Amino acid sequence: MIFIVVNFTVKPDHADGWLDLVQPFTDATRNEPGNLWFYWSRAVEDPNLYVLVEAFRDDDAAVAHVQSEHFRNALRELKPALAQTPRIINTTIDGTEWSLMGELEVD
């Protein structure tokens, strides 16, 4: 799978409305056939930092994502709300599911 984590530092006046701003992009991406997951989190230590964790089935699915109309729209719509260029980790890993954390196995 293609596993991606992106840090978005948003302008303070956009921080509380960020999830509303990204909702159309989130919904469209989650409906892509090759999307495995697309999760947003907000940093506890910094209310202006949002973290996106996303995964795509394979290279073809990831390419289809960045070539989609909703991706291009998101680039245009999100940029004015950003305080800095997002930081990204993009890597390929084996599997298509989350693994269980054996150290905290729940009976």
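Residues numbered from 1 in each chain as written. Predicted model: local features only at pLDDT ≥ 70, side-chain atom pairs only at ≥ 80, totals over all residues. Heavy atoms only, no water.

Our focus in this paragraph is the overall build of the chain. Per the secondary structure count, the chain includes four helices and four strands. When its helices and strands are written in sequence order, the chain yields β-α-α-β-β-α-α-β. Summing over all exposed atoms, the chain offers an accessible surface of approximately 7200 Å²; the carbon and sulfur share of this is 54%. The averaged location of the 18 negative side-chain charges in the chain is 12 Å from the averaged location of its 8 positive side-chain charges. (Helix = DSSP H or I, 4+ residues; strand = E, 2+ residues; numbered from the N terminus. Areas by Shrake-Rupley, 256 points an atom, 1.4 Å probe, with all protein chains shown as cover. Lys, Arg positive; Asp, Glu negative; His and termini not counted. Charge placed at Lys NZ, Arg CZ, Asp CG, Glu CD.)

Next up on the list: the UniProt feature "domain: ABM" (unreviewed entry) in the chain. Residues annotated by UniProt as "domain: ABM" (unreviewed entry) correspond here to residues 2-90. Here residues 2-90 runs as 39% helix and 31% strand, with 7 Å between its end C-alpha atoms. (UniProt positions renumbered as here; feature names shortened; annotations may be inferred.)

For the structure shown, the criterion picks out two salt bridges. Residue Asp16 pairs with Arg42 through a salt bridge whose shortest N-O separation is 3.0 Å. Here Arg42 lies in strand S2 (residues 35-42) and Asp16 lies in the loop between helix H1 (12-15) and helix H2 (18-30), a separation of 26 residues in the sequence. We classify Arg42 as partly exposed; its relative accessible area is 34%. Its salt-bridge partner being Arg57, residue Asp58 comes within 3.3 Å of it at the nearest N-O pair. Judged by relative accessible area, which is 40%, Arg57 ranks as partly exposed. (Salt bridge = Lys/Arg side-chain N within 4 Å of Asp/Glu carboxyl O. Buried < 20%, exposed > 50% of the residue type's maximum accessible area, 1.4 Å probe, protein only.)

Before going further, it helps to spend a moment on the side chain of Ser68. Mapped onto the fold, Ser68 is located in the loop between helix H3 (59-66) and helix H4 (69-78). A distance of 2.7 Å separates a polar atom in the side chain of Ser68 from the backbone oxygen of His65. A distance of 3.1 Å separates a polar side-chain atom of Ser68 from the backbone nitrogen of Phe71. (Polar contact = N/O pair within 3.5 Å; in protein donor to acceptor, adjacent residues only side chain to side chain.)

Counting residues in hydrophobic clusters, the biggest one holds 21 residues, and the most contacted among them are Phe8, Val10, Trp18, Trp40, Tyr50, Leu52 and Phe56. Broken down by secondary-structure element, the contributors of at least two residues to this core are strand S1 (2-9), H2, S2, strand S3 (49-56), H3 and H4. At four residues, the largest contribution of residues to this core is made by S1. (Core = buried A, V, L, I, M, F, W, Y, C linked by side-chain atoms within 4.5 Å.)

Here we take up the side chain of His65. Position of His65 among the secondary structure elements: in helix H3. When near neighbours in sequence (up to four residues on either side) are disregarded, His65 contacts Phe25, Thr29, Glu32, Glu54, Phe56, His70 and Phe71. (Contact = heavy atoms within 4.5 Å.)

Applying the stated criterion to the full structure yields eleven aromatic pairs. Residues Phe3 and Trp37 carry aromatic rings whose centres are separated by 6.5 Å and whose planes lie at 65 degrees to one another, so their mutual orientation is edge-to-face. Placement of the pair is Phe3 in strand S1 and Trp37 in strand S2, with a sequence separation of 34 residues. Between Phe3 and Trp98, the ring centres sit 6.4 Å apart and the planes meet at 85 degrees, which makes this aromatic pair edge-to-face. (Phe/Tyr/Trp six-rings, centres within 6.5 Å; stacked < 30°, edge-to-face > 60°.)

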